[in-house]
Amino acid sequence: MATTQKYVGQPVLRKEDPELITGQARWTENLSAPGEVWMAVVRSPFAHATVKAVDTSKAAAMPGVLAVFTAADLQDEWGGPLPFVWPVTEDIKVPVHWPLTKDKARFQGDGVAVVVAETRALAEDAVEAVEVSWDPLPAVLDLEEAAKDEVVIHEDLGTNNVVHWVHGGGGDQSIFENAPVLVKERYLGPRLIPNAIEPRGCLAQPVPAMGEFTLFSTTQIPHIARVTLGGTCNIPESKLRIVAPDVGGGFGSKLNVYAEEALCLVLARRLKRPVKWIEGRSENYLATIHGRGTIHDVTIAATEEGKILGFHVVELADMGAYYQLLTPGIPELGGWVYMGPYDTKAYWYEFTGVVTNATPTDAYRGAGRPEATYVLERAVDALARTVGKDPAEVRRISLMPPFAEAMTSIMGLNVDSGNYQASFERALEMAGYDQLRKEQRARRDAGDVRQLGIGLSSYIEMCGLAPSNILGALRYAAGGWDACTVQCLPDGKVVLKIGTSPHGQSHVTTWAQIAADTLGVSPDDVEVLHGDTSVAPLGMDTYGSRSVAVGGTALYLALEKIKDKARTLAAHELEVAEDDLDFDGGSFTVKGAPDKARTITDLAVSSWHAHAIPSGFEPNLEATAVYDPPNFTWPAGTHVCVVEVDTETGATEIQRYVAVDDCGTVINPMIVDGQIHGGVAQGIAEALFEEAIFDDQGNLMTSSMTQYLIPAASELPSFELDRTVTPSTTNPLGVKGIGEAGTIAAPPAVVNAVIDAVSHLGVTHIEKPASPERLWKAIRAAKGGAA
Ligand code: MCN
């Protein structure tokens, strides 16, 4: 049904939800294939140990066990090691990473053998029966210790210092020596463990006679996985289909290609049977990537009034035991935003990537940009304390003035547009900032046990990595483009096949909204297909908050092609020139004679039977567009967190959380709010609760949800949200990404608030997570007691 109703900008309910909330989702774990068998991985209990021998005989003899394989048994299967696609510098050292280790374990959880059995339980039992003779080695977990190379983890590399990227030199570097105020700070960024509700899993289904494979996998990146797994497993891409069915969250951890996916594929080839693997939660904590893991030394240069002049940042970044898909690229991603939204005169950033005996790190929601924003925004508060000004005032005098057209920033990339002052002032207004400060003063004067803290965080981020040639210059192996195919079917329905691969981000709904507005149909009439390399056009998948800016624009361009084609056919049928047609609400009408009309559906029918189409006109109302954007998009915003801290126990309670974000034109405000809610929840978790802790032997002490503290709704406040709208100049929709904004902005807002609550007691610093114990000790130390 043609309609003039507009859907973009409306809180259209999620088309995805009926399946999810009625238990009909197609999770990988729920899929099965005739004749399937299960794989389980024998993992190292040691963080660093030589493999002396692996005896598989007892396990192989157990009932229901089909086979047990060591690294040596599978050596001929591989076309190469596990993929790594971001060699940041020319002289980077790349640890070789095989799906099963051959010589030694380099982190607790490193795979050394696999068992295949008739059921999951039998496979997991047989894992216990595989006898590995280990020779434990000293493990090195501490970044600075690892950097000393006293224990070298990959002997062939000769060092643990595997990559050094210097991105310095923007502006007047003498500022870092001569500025009137120089504040030097050190911040630690503990490792975080991504906690998608659905852990990883996969099912590899072979068609041996054809040499074909289908891999169902909980992946964010079916297309990139096909290219890279094809290489690792020696399977031509044309024979490999990857399907990401419903995927229960990823947060970056499924933006990866893992050993288990490669193992299931080659075992399916060996055994000529479908092979399935589903990860347990504790296994997930060891064998799925971790995020963050950093030490930052930052110098902030400023005038005596507190106007920011420059940021100088030197980072040590924990790579873990091997690179996963992008590992050293993550700090580099942060390397482009260490000036934040400020009008700085000088910029310096460099990082050293260090391997350690721990789970590999890689992209975790925000990927490099939360690390950068945390360091900047903590340092800005430290500057405010140093010059004796309110943190809001220091920010206010340092923010860049608004700009509506793209401009090159101090770190050398083009920023599409920005109005940082608008979101900053709106956030302060919503929070009632001045009133909060009054209340804080009153509580301090009264000496209340429960003190109020107000924390600010102003951020910018960089999304939708593009164009492809810039990515090439940054040594990232993939492109920055995406694709979409639009089909208008004769029954009036519209099918979109999209190259992005949502796993919670609601692309089905928002893509349907964009198509509905352009074609004058209801979103209910639009089907969106994704996540299957045999169905969707070749695309670049979902990560880096790229999907709507890149894939959404590919959709927009494909819709324009459809409209052009439909206009040609309508003009032919109505016997007028194309210029004589108006288009609105899904209908072409003759100018001055609106009763002469053809709807998109009419034209879908006539282009389908093709009985009377113009000469040279291709039948079928279908179009594909591929879009490689000219630039990134640069969302921004300001968040304000208000906490109450019990100065006797160190307990923190978040009273209010205000977020004003700017993601340009908004397709669906409800979905954007949801993205902020989820992102801020993760950021609050990073600030107050979550931390992966290893003992000095490399044993993961936070190995389950009972030790690793993920907040529930009861630990989170209600969020107060608003937006400013500064359209992107990068794409015709004016959209910027939003999927990571909350995670980027929240940690410094919360930690700044915690410190602000007790700064009058002399506390100027606390590390993440700002746990009650840590805060209690900091208060006690500031009061002159033992820490
Ligand atoms: N959107 C919009 N208007 C805008 C911007 C976005 O309506 N101006 C909508 C989009 O149409 C899309 C959603 O918001 O439906 C997110 O869009 P975008 O910012 O383009 O981000 P992506 O879709 O590329 O998602 C990736 C991003 C990342 S990098 C992580 S990590 C993340 C995140 O999204 N992981 C998530 N959000 C998540 N949400 C869920 N539920 N689960 C995850 O694993």
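Residues numbered from 1 in each chain as written. Predicted model: local features only at pLDDT ≥ 70, side-chain atom pairs only at ≥ 80, totals over all residues. Heavy atoms only, no water.

**Thoughts on the pattern of salt bridges**
- Applying the stated criterion across every chain, the model contains 51 salt bridges.
- The salt bridge involving R395 is made with E377; its shortest N-O contact spans 2.8 Å. With R395 in helix α12 (residues 391–398) and E377 in helix α11 (residues 369–387), this pair connects stretches of sequence that are 18 residues apart. Like E377, R395 is buried. (Salt bridge = Lys/Arg side-chain N within 4 Å of Asp/Glu carboxyl O. Helix = DSSP H or I, 4+ residues; strand = E, 2+ residues; numbered from the N terminus. Buried < 20%, exposed > 50% of the residue type's maximum accessible area, 1.4 Å probe, protein only.)

**Focus: a negative patch on the surface**
- On the surface, D564, E578, D579 and D580 cluster together into a patch of negative charge.
- Note on placement: D564 falls in helix α17 (residues 547–574). (Patch = residues over 30% accessible without salt bridge, like charges linked within 9 Å, V, L, I, M, F, W, Y side chains within 5 Å. Areas by Shrake-Rupley, 256 points an atom, 1.4 Å probe, with all protein chains shown as cover. Lys, Arg positive; Asp, Glu negative; His and termini not counted. Charge placed at Lys NZ, Arg CZ, Asp CG, Glu CD.)

**Brief notes about the packing of α11 against α12**
- Here α11 crosses α12 at 110°, and the two axes come no closer than 8 Å. Classified by the angle between their axes, α11 and α12 sit roughly perpendicular to one another. Where α11 approaches α12, its residues E377, V380, D381, L383, A384 and V387 are matched on the opposing element by P391, V394 and R395.
- Within the contact of α11 with α12, the residues separate by chemical class into six nonpolar, no polar and three charged. (Axes fitted to C-alpha atoms, helices over the stretch in contact; angles between N-to-C directions. Parallel < 35°, antiparallel > 145°, perpendicular 65-115°, else oblique. Contact = heavy atoms within 4.5 Å. Nonpolar A, V, L, I, M, F, W, Y, C, P; charged D, E, K, R; others polar.)

**Notes on the site of the ligand**
- Close to the ligand lie 33 residues; Q505, H507, T665, Q675 and I738 are nearest.
- One of the backbone N or O atoms of I667 is found 3.1 Å from a nitrogen atom in the ligand.
- Considered on its own, the ligand offers 840 Å² of accessible surface; in the complex 95% of this is hidden by protein.
- Where the shell around the ligand is concerned, the elements lending two or more residues are α16 (507–519), α17 and α19 (669–688).
- A per-class count over the shell around the ligand returns eleven nonpolar, 18 polar and four charged. (Near = heavy atom within 4 Å. Polar contact = N/O pair within 3.5 Å; in protein donor to acceptor, adjacent residues only side chain to side chain.)

**Overview of the layout of surface pockets**
- In this model, the second largest pocket occupies a volume close to 520 Å³.
- Lining of the second largest pocket is provided by 20 residues; of these, L141, D142, P190, R191 and A692 occupy positions nearest its centre.
- Partitioning the lining of the second largest pocket into residue classes produces eight nonpolar, three polar and nine charged. (1 Å grid on protein atoms, 1.4 Å probe; cavity = no way out; pocket = protein on both sides within 12 Å on 5 of 7 lines; lining within 4 Å. Points joined across faces, edges and corners; volume = space filled by probe spheres on them.)

**Structural notes on the sheet that holds strand β23 (residues 587–590)**
- Sheet architecture is open: three strands sit in the order β22-β23-β24, paired in antiparallel fashion. The strands lining the two open edges of the sheet, one partner per strand, are β22 (581–584) and β24 (593–599). Strand-to-strand, the axes of this sheet are offset by a mean angle of 30°, without reference to chain direction.
- As judged from the four bridges shared by β23 and β24, these two strands associate in the antiparallel manner. Bridge pairing in β24 links F588 to R598.
- Strands β22, β23 and β24 of the sheet are contacted by helix α18 (residues 600–609), whose axis makes an angle of about 50° with β24. (Pairing = 2+ DSSP bridges.)

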